[in-house]
Every structure is written in C-alpha cells, then in structure tokens.
Amino acid sequence: MTQLDAPRTAAGTGSVPRVRRGGRAAWAGGAGLVAVVAVLGYLPYLVSRGTQVDLVGLFALVVLGTMWNLLAGYGGMVSIGQQAYIGIGGYGLVYLAETVGVDPFLSVPVAALVCALVAWPTSYLAFRLSGGYFAIGTWVIAEVVRLLVTQVDAVGAGSGASLTAFSGIEPLYRIAFVYWMSLGIAVVVVVGVYLLMRSRLGLALTAIRDDPTAASSAGVRVTRAKRLVYVVAAAGCGLAGAMIVANTLRVQPGSIFSVDYAAIMVFVVVIGGIGTIEGPVLGALVFYLLQDSLADLGNWYLVVVGGVAIAVTLLAPRGLWGLTRGRVELFPTGYRVAVRR
Amino acid sequence: MTAPLLEVTGVGKRFGRLTVLDDVSLSVAPGEAFGIVGPNGAGKSTLLNVVNGVLSPDAGTVRLDGADVTRSGAAARCRAGIGRSYQVPRPFGGMTVFENALVAASFGTGARGRAAAEGAWRALETAGLTGVADTPAGALRLLDRKRLELARALATGPRLVLLDEIAGGLTEAEVPALVETVRDLGRQGVAVVWIEHVVHALVAVVTRLMCLTYGRVLAVGEPRAVLADPQVVEVYLGSTIGTDDPVVEGTP
Ligand SMILES: Nc1ncnc2c1ncn2[C@@H]1O[C@H](COP(=O)(O)OP(=O)(O)OP(=O)(O)O)[C@@H](O)[C@H]1O
Ligand SMILES: [Mg+2]
C-alpha cells in the first residue's frame, strides 16, 4: 500500500548513517545520578531527622516539577489544577492506611493508581477545553474534588485527618523509611520520564510540544498522547501528595488542595527550564534553597520568590538549564545521525 | 477508468460569515498529479486542510480509496496515506531535521527502529536535506524549511501528497529538480495535489489543473485549456502573464 516503502532511486542512495542516542552523555548522566542517589541514600545515617523531613519536601518538589513539565512542557497542557491529584494521593494514603487497613507503604502506590483512575475519565471533561479555559477548568476540577472530599466523614470532612498507621514504627526508623521511599519515588519519576521521552511516545510528545497541528498531520495521535500524559502526571502528583502526607502525618483539605501547589510547580519548571528533563530538577533545588533560606522573612519570602521568577524569565527566558544552550545533556533524548561530510 | 484515490464532493467551509469553500468537488486517480491555481485567498490552502483533516468541512464529503474519511482526524488520514506540506512551514523547531522526518516516518507509516530511520533518511535525501540532518529545524532558512515540509510529507509513506506552494523561492535551476521529484512520485504510484503559483512548474507535471476563485471551482481540466480559459486569465493570470511567468516569486 505505502509506495514509498520501496527503496527509492532518487538522488543519493547512500545507506542510512548510524543513529546515535547520546550514548556517552547518557552514561555520564547515569553515573552522576547513581552517585547523587548513593550520597542521598546514605544521608539518614549522617543528618538529623529534621533535615530528612526537609529533604522529603525537596523530593516532592522534584516529582511535582517533573510532572508539570511533562504536562505543560511536552504535552502543552497548562494545568493549574494538579492539586486535585496531590490531594487525592494524600487523602488516598490516609483512607487506605487508616480506614481500609492497607500497609501504609503499599498505600502510597495504590493511592497513585487511584489518581490515574480518576484522571482517565476526568480528561474527557478537561480536554473539551483548550488554552486558558483548560487551565481554569483544571482549577475548577480541583476545587470540586476538594469540596467532595470535605464531605467524607471517614477522612475527617472539613478538618482533615492524621496518619497514625506508622505509629508502630519508632520515629527514628519511620522518618528514615519515609525519606528512602520519597527518594526512591523521585528517582523512579525522573528516570521514568527520561525513559518515556527516549521512547517512541517521547518522540511524539516532543513533536506535539513544537507544533501539535504539524504533529497530527504527520500521523501523531495527539489527543491520545496527551491523555496518556495527563493520566501519568496525575499518578505522579498523587505520589507527591502521598509523600507529603507520609512526611507530615497530617492531611487537611485547605493545604493539600491548595492552589499554591500550582504556583510552585509553574515556578519550579519555568525557573529550571521548561521542556527539558534536567530543568525541573534544577528548579526544584532552587525553590527549595530559596524556601529554606528565606523562611524567616515571612510574607516577604513570596516577594523574593516572585522577584527571582521575574529576573530569571527576563535574563534566562529558557530557564536556568537553558543557559547551557544544549551543550550539556545529562538525559539525552534526541537522535543524531553520524554524517560524514 | 480507475477508481479515484481521492474524491472530494460538494465541500463547503465558512469562517464566521466568510464563505471560503463553496461546493468544491474534485477527484484524483492513483499516481495522478493534480494542480490547483487561484488568486490569493481563494481557499486553496483551506481545501488542503479539509482534505488532510486539519479542518472539518461544513458540507460535503472527503473519500480516500472509497472510504469516507470526512469525520476522521488528521493523524488517522495521515496513517491512511495522506502526506501534507504546509505553505507556511511548521517545523518541529526544537527537534533536528532528521528527528522531524523521523516523527513522520514513525507515526505516518507505523515503522519502528531501523525501518523508521531509513524512511526518514530517504525522505531527507529526496528533499536534499541530508547535509543539515543534525541541525535544529528552528534554525533553518525559509527555503530549507520548505524542503523539510516536503521531506516530512514524503516520510509519512503517502499514497497521496498534498503540496502547498513549495516552489516559491526556489532558483530557476532548482525548479526542474523539484518537478522531477514530483514526477518520480507519480512513477511510484503516489498521487499529488499541488498548489503552486509557479505555473510553468505545475504545467510541466500535472495532468489536470483546477482554478479556484472565491472558494468556487472556476475551471478544471487539461492544464493548457484551463490556463487559456478567458475567465481564468481574467481572475488569476491577468492579461499579461502567461505560463512563462517569473520563476522566482516572493512567498507571502
Ligand atoms: N482559520 C481561519 N480562520 C478564519 N479565516 C481563515 C482561516 N483560514 C483561512 N481563512 C481565510 O480564508 C480565506 C482563504 O484562505 P486560504 O489560506 O485557503 O487561501 P489560499 O487560496 O491558500 O491563498 P494564498 O494563495 O494566499 O495562500 C482567506 O480570506 C483567509 O483569510
Ligand atoms: Mg494558501
């Protein structure tokens, strides 16, 4: 049927050069990642519990930024309602561990699965909207989810609930276990997105990022790819929500469904560099350090964060990682052909 | 007579109160080259958008190989064999030239791995872009962007290629090569619908020509007969320009 599949006799019939996928950079990036993870994994033996609790917050930021980048940076979906899934993840953990009696560590991935199951039908609703309407729509959906959750007495209705399922574990261990779990989730999420972007789906998503109309005209099933991304991002945000609740042992509708998360995710991705895998990780680190060092400033901290955001968007429109201008790649996803000229 | 590969029947399209296509019909046989001319704003590009599924028409049907595809999306139609180049190039700017073609080869044909890379490379060879394979598409000049449009359309493994003004901006020496490429497609059984203001290039290849004005078919048939039609001369060619119009044209 497809006539062009037969070898063409047009100009130049030289065979296809070797396609390279950035092998050396991938090995270097992989080695760097292993080293960083090894050091972070050993930290519970060295640092205080307070520091571990803080670092779980950093890992949650890495997960949230990576997920929002997948949504907005690759899928072109500017969602300001991911707190819906952060909340379902957090509440899901509490409900599964407290009411159903599932092991709390097992409850975390199960809660993420619930997020994916909720996101699938929700996408059909959200995808009826586009652009700014999509953004507002996701926020509305998050508010609806929050209102629904506050009707559920089993999870404390409007006042929230505590996570007591860990109480059998001595705090020293509990904090270390939650730390390791969160580190593991962050690594799985970042590496998972990297592998996704190297895959066939990643090729489609990169094309969608650059021009959805041209992508569909080249055979890319744009809506299907976006839906998959939306569902994956919901699960990822659910993991982050569960991590946050496992870390603080408390869930409240006002904070876990807070639209602040939307602002934080945008900040992390825009500061770090949208449309790259490294960017959100860098952005998460920057936000974490700002948050940490400005904690004493009270509300002024928001002013400083806003100032940093403005400065970076003006001076480095492609984010901090964009300053490398593609010269450094820790997670190469492209295809290079070795052309001899 | 062979069954048509593409059959457009009674297509209408409006943007608000502006009627851009009004009862347009055409049919293209497998391997046939079909030309479209018409003044600016006649609705030529819009017609291609309706054929490849980027826009859905308000009236009429589009059939590919006998199957009604009027309600299917652009991706499905591409997979069914319609390749498309855009008048205003739409490169995947953050991807390399090779990756651009690879997207088309992977998702247009369903090929994977080596087969997809080979399809992409052949398309780049045909379009003369192998030398810039690793260049980001966003950094290309207009002419190379147009070549990339052609490469991407070909990489999808089409049975029907829709070309929208790809000769504009080519030098006089480059036009014959493009004409040869289009002829080559015909030899391989690939049908072509080609919109072009470089009329002599069109006349060199197409077996039939259609003139569109204000969204209506003014004339269709044997190219020289259509170009000689007094109405076509009046609305499109003007009284002084014949088929030997300047080769190098500015693109809008
Ligand atoms: N998406 C759109 N929304 C509104 N109007 C549109 C849209 N696309 C095209 N038009 C209008 O429809 C008319 C036909 O446009 P089209 O691009 O099909 O013309 P064309 O024949 O390809 O012209 P040209 O030779 O300049 O490329 C124009 O008046 C244009 O402004
Ligand atoms: Mg046009």
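Refer to the structure printed above.
This structure is a prediction, so every number in the text was calculated from the model and none was measured. (Residues numbered from 1 in each chain as written. Chains lettered and ligands numbered in written order. Predicted model: local features only at pLDDT ≥ 70, side-chain atom pairs only at ≥ 80, totals over all residues. Heavy atoms only, no water.)

Participant: So what about the pairing of strand β10 (residues 216-221) of chain B? Which residues, and what values?
Facilitator: In the sheet, strand β9 (residues 208-213) of chain B pairs with β10 of chain B via five bridges, with the strands oriented antiparallel. Bridging across to β10 of chain B, T213 of chain B finds its partner in R216 of chain B. (Pairing = 2+ DSSP bridges. Helix = DSSP H or I, 4+ residues; strand = E, 2+ residues; numbered from the N terminus.)

Participant: Go over the coordination of the magnesium ion (ligand 2), please, and point to the residues and values.
Facilitator: For the magnesium ion (ligand 2), the protein coordination sphere consists of S45 of chain B (OG) and Q87 of chain B (OE1), at 1.9 to 2.0 Å. Here S45 of chain B is found in helix α1 (residues 44-52), whereas its partner Q87 of chain B is found in the loop between β6 (82-84) and α3 (97-109), with 42 residues between them in sequence. (Donors = N, O, S within 2.8 Å, 3.2 Å for Na, K, Ca; no water.)

Participant: Provide a residue-level description of the site of ligand 1, including the pertinent values.
Facilitator: All names here are of chain B. Residues in contact with ligand 1 amount to 13 residues; listed here are only the nearest, G41, K44, S45, T46 and Q87. In the environment of ligand 1, an oxygen atom lies 2.8 Å from a nitrogen or oxygen atom belonging to the side chain of K44. A distance of 2.5 Å is found between an oxygen atom of ligand 1 and a side-chain nitrogen or oxygen belonging to T46. Burial of ligand 1 by the surrounding chains reaches 61%, relative to a free accessible area of 640 Å². Sorting elements by how many residues they give to the shell around ligand 1 places α1 first, with three residues. Grouping the constituent residues of the shell around ligand 1 by class yields four nonpolar, seven polar and two charged. (Near = heavy atom within 4 Å. Polar contact = N/O pair within 3.5 Å; in protein donor to acceptor, adjacent residues only side chain to side chain. Areas by Shrake-Rupley, 256 points an atom, 1.4 Å probe, with all protein chains shown as cover. Nonpolar A, V, L, I, M, F, W, Y, C, P; charged D, E, K, R; others polar.)

Participant: How would you explain the packing of aromatic side chains if you had to name every residue and give the values?
Facilitator: Following the criterion strictly, the structure yields 15 aromatic pairs over all chains and no others. Each ring, one from F127 of chain A and one from Y230 of chain A, has its centre 5.8 Å from the other, and the planes form 70 degrees; the classification is edge-to-face. Note that F127 of chain A is positioned in the loop between α4 (104-126) and α5 (131-149) and Y230 of chain A in helix α9 (residues 222-248), a separation of 103 residues in sequence. Both rings, one in Y173 of chain A and one in F177 of chain A, keep their centres 6.2 Å apart while their planes meet at 35 degrees; by these two values the pair is tilted. Placement of the pair is Y173 of chain A and F177 of chain A together in helix α6 (residues 171-198), with a separation of four residues, close to one helical turn. Taking relative accessible area as the criterion, F177 of chain A reaches 35% and is therefore assigned partly exposed. An aromatic cluster is defined as three or more aromatic residues linked by ring pairs; in this entry it consists of Y42, Y45, F105, F166, Y173, F177 and W180 of chain A. The ring of Y335 of chain A is capped by R21 of chain A, whose NZ or CZ atom sits 3.7 Å from the centre of that ring. Here the guanidinium or amino end of R200 of chain A rests over the ring plane of F107 of chain B, the centre of that ring lying 4.8 Å away. (Phe/Tyr/Trp six-rings, centres within 6.5 Å; stacked < 30°, edge-to-face > 60°. Buried < 20%, exposed > 50% of the residue type's maximum accessible area, 1.4 Å probe, protein only. Lys NZ or Arg CZ within 6 Å of the ring centre and 35° of its normal.)

Participant: Lay out the sheet that holds β10 of chain B with the relevant residues and their values.
Facilitator: Residue and element names in this part refer to chain B. Within the open sheet, the six strands sit side by side as β6-β7-β8-β3-β9-β10. Their pairing is mixed. Across the chains shown, the open sheet's two edge strands, defined by having one partner strand only, are β6 and β10. Strand after strand, the sheet turns through a mean of 15 degrees between neighbouring axes, direction not considered. As paired strands, β6 and strand β7 (residues 160-164) are joined by three bridges and run parallel to one another. Each residue of the ladder has a partner; that of I82, found in β7, is L160. Taken strand by strand, α1 contacts β3 (33-37), β6, β7, β8 (191-195) and β9, and its axis lies near 155 degrees from that of β7. Sheet strands touched by helix α9 (residues 230-237): β3, β9 and β10. Its angle to β10, the strand with the most contacts, is close to 125 degrees. (Axes fitted to C-alpha atoms, helices over the stretch in contact; angles between N-to-C directions. Contact = heavy atoms within 4.5 Å.)

Participant: Just give me the short version of the interface of chain A and chain B, but keep the residues and values in it.
Facilitator: Chain A puts 40 residues into the contact, and the matching count from chain B is 49 residues. Surface buried jointly by chain A and chain B totals about 3800 Å² across both partners, of which 58% is contributed by carbon and sulfur atoms. Summed over the shared surface of chain A and chain B, the result is two salt bridges. Here E99 of chain B ties to R336 of chain A by a salt bridge, and the two come within 3.2 Å at their closest N and O atoms. Residue assignment for the side of chain A that touches chain B shows that the elements contributing at least two residues are α7 (200-210), α8 (212-217) and β4 (336-337) of chain A. A total of seven residues in the side of chain A that touches chain B trace back to one element, the largest contributor, which is α7 of chain A. Across the side of chain A that touches chain B, the residue classes break down as 19 nonpolar, 12 polar and nine charged. (Buried area = accessible area lost by both parts, 1.4 Å probe. Salt bridge = Lys/Arg side-chain N within 4 Å of Asp/Glu carboxyl O.)

Participant: Describe the environment of V229 of chain A, naming the residues involved and giving the relevant values.
Facilitator: Residues and elements named next belong to chain A. Within the secondary structure, V229 sits in helix α9. On the basis of relative accessible area, V229 is assigned to the buried category, the value being 1%. Taking the C-alpha atoms as reference, V229 lies 32 Å from V304; in sequence the two are 75 residues apart. Among all residues touching V229, those that are not within four sequence positions of it are L70, L71, M77 and L205.

Participant: Requested: an account of a nonpolar patch on the surface, with residues and values cited.
Facilitator: A surface patch of nonpolar side chains, about 510 Å² in accessible area, is lined by I136, W139, V140, V144, L148 and V259 of chain A. When you line up the elements, V259 of chain A lands in the loop between α10 (253-256) and α11 (260-272). (Patch = residues over 30% accessible without salt bridge, like charges linked within 9 Å, V, L, I, M, F, W, Y side chains within 5 Å.)

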